Protein chains: 2
Amino acid sequence: MQSVDPQVVGVGKQFVEHYYGIFDSNRAGLTQIYQQQTTLTWEGKFLSGADAIVKHIVELPFQQTNRKINSIDCQQTYQPGIMITVTGTLIIDGEAKNQLKFVQVFNLASNNGSFLLINDFFRLVLD
Amino acid sequence: MQSVDPQVVGVGKQFVEHYYGIFDSNRAGLTQIYQQQTTLTWEGKFLSGADAIVKHIVELPFQQTNRKINSIDCQQTYQPGIMITVTGTLIIDGEAKNQLKFVQVFNLASNNGSFLLINDFFRLVLD
């Protein structure tokens, strides 16, 4: 039976928890995670570098977010590093009618025992 | 204004068209695309290597697939290579009621002027 290294899955899940913990409590704090070399495609809009990315996310037209995670898939990359694909439901400003399915993809590069976020993609999956 | 290198977008879109062209006409032909070193997470199931991957895809319990692509987002990676996130709707066995939202993520590594598929993730995004 083939399986992913449990350490890869552990790092991936920990990253996801950490990222959304910050996103859903204080988006400006994402400067902890985004790097100078990170690129983000947010709903088709391409942004490069922590400053542009965090500015964009902070200025999104809602105040409060909560979410339910449906799946977290992790794989090792050749970089070396870890890719993570997350699907879930985003709840905006506490309104039950604003339940939006989303997918987010993270590409982390291994860097001296820690991981840097290099690529990030976010898309709503609408009906 | 920040943007992705048009060549990266071109390669990404061409790959997606090529991949689904094969998937939706003759799944066994995906041996053209999957490599010994490819890993796929299909609906949470991890598979490694072209043989295991193509066998799994060929044996999926449906005959015919069509799809509508809603978005293709491409980014350059440090590997170097290209990451692609696709969202769309899959129609199974021509039944209008079997319209399933999906997301698929491809990580391609640049290799002497061509690209190898290294990581692949597929998830349905269900209501």
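Whatever comes next refers back to the structure up there.
Here the residue numbers are simple positions, counted from 1 along each chain's written sequence. Naming scheme: in the order in which they are written, chains are lettered from A and ligands are numbered from 1. Totals for whole chains, interfaces and linings use all residues, but because this is a predicted model, local features are given only for residues with pLDDT of at least 70 and pairs of side-chain atoms are given and counted only at 80 or more. Only hydrogens and water are set aside; all other atoms, that is, all heavy atoms of the structure, feed into the side-chain values.

**Q** Whenever I open this one, the sheet that holds strand β5 (residues 99-111) of chain A confuses me. Can you help?
**A** Within a sheet, adjacent strands bond to each other through the backbone by hydrogen bonds, running parallel or antiparallel. Residues and elements named next belong to chain A. Only when DSSP finds a minimum of two bridges between them are two strands counted as paired. A run of H or I in DSSP becomes a helix once it reaches four residues, and a run of E becomes a strand once it reaches two; helices and strands are each numbered from the N terminus. Across the sheet, which stays open at both edges, the 6 strands sit in the order β2-β1-β6-β5-β4-β3 with mixed pairing between neighbours. On the outer flanks of this sheet lie β2 (45-48) and β3 (65-77), each paired with one strand and no other. On average, each strand axis in the sheet is tilted by 20 degrees relative to the strand beside it, whichever way the strands run. Direction of pairing for strand β4 (residues 81-92) relative to β5: antiparallel, over a ladder of 11 bridges. Across the sheet, the residue bridging to M83 is N107, located in β5. In what follows, a contact means two residues having at least one pair of non-hydrogen atoms within 4.5 Å. Only C-alpha atoms enter the line fits that serve as axes; for helices the fit covers just the stretch in contact. Angles between N-to-C directions range over 0 to 180 degrees. Those strands touched by helix α1 (residues 6-23) are β1 (39-42), β3, β4, β5 and β6 (114-124), and its axis lies near 150 degrees from that of β3. Across the sheet, helix α2 (residues 50-58) lies against β1 and β2, angled at about 135 degrees from β2, the strand it touches most.

**Q** For this particular structure, what's the right way to read the side chain of A:K101?
**A** For A:K101, the position within the fold is in strand β5. Within the local environment of A:K101, its side chain forms a polar contact with the backbone oxygen of B:L126, the two atoms lying 3.1 Å apart. Leaving out residues up to four positions away in the same chain, A:K101 has contacts with A:G88, A:T89, A:R123, A:L124, A:V125, B:V125, B:L126 and B:D127. In protein, a polar contact means a hydrogen-donor-capable atom and an acceptor-capable atom, both N or O and within 3.5 Å, with residues adjacent in sequence counting only if both atoms are side-chain atoms; elsewhere, any N or O pair within 3.5 Å suffices.

**Q** How should the relation of the copies chain B and chain A be read in this particular structure?
**A** Between the two chain copies there is a screw-like relation: a rotation about an axis and a shift along it. A residue counts toward the fit only if its pLDDT is at least 70 in both copies, and the copies are then superposed by least squares on the C-alpha atoms of those residues. After a rotation of 180 degrees and a shift along the axis of 0.0 Å, chain B superposes on chain A with an RMSD of 0.0 Å. In the structure described here, the two chain copies are related by an operation that fits a two-fold rotation axis. If distances are taken from each C-alpha of chain B to the rotation axis, the shortest is found for B:Q79, at 2.6 Å. Same-surface contact between copies: 100% of interface residues of chain B are shared with the interface of chain A.

**Q** How should I be thinking about unusual backbone geometry in this particular structure?
**A** Trans is the prevailing form of peptide bonds, just as negative phi is the prevailing case for residues other than glycine. Residues and elements named next belong to chain A. Of note, the amide linkage connecting Q79 to P80 takes the cis form, showing an omega dihedral of 5 degrees. Following the sequence through the fold, P80 ends up in the loop between β3 and β4. One non-glycine residue, E43, lies in the positive phi region at around 50 degrees. Within the element layout of this structure, E43 appears in the loop between β1 and β2. Buried residues are those whose accessible area, probed at 1.4 Å on protein chains only, stays under 20% of the maximum for their type, while exposed residues exceed 50% and partly exposed ones sit between those limits. Judged by its relative accessible area of 34%, E43 is partly exposed.

**Q** How should the environment of B:F23 be read in this particular structure?
**A** Residues and elements named next belong to chain B. Among the secondary structure elements, F23 is positioned in helix α1 (residues 6-23). When the C-alpha atoms of F23 and N66 are compared, they prove to be 9.1 Å apart, with 43 residues separating the residues in sequence. The residues contacting F23, other than those within four sequence positions of it, are L30, W42, I57, L60, T65 and R67.

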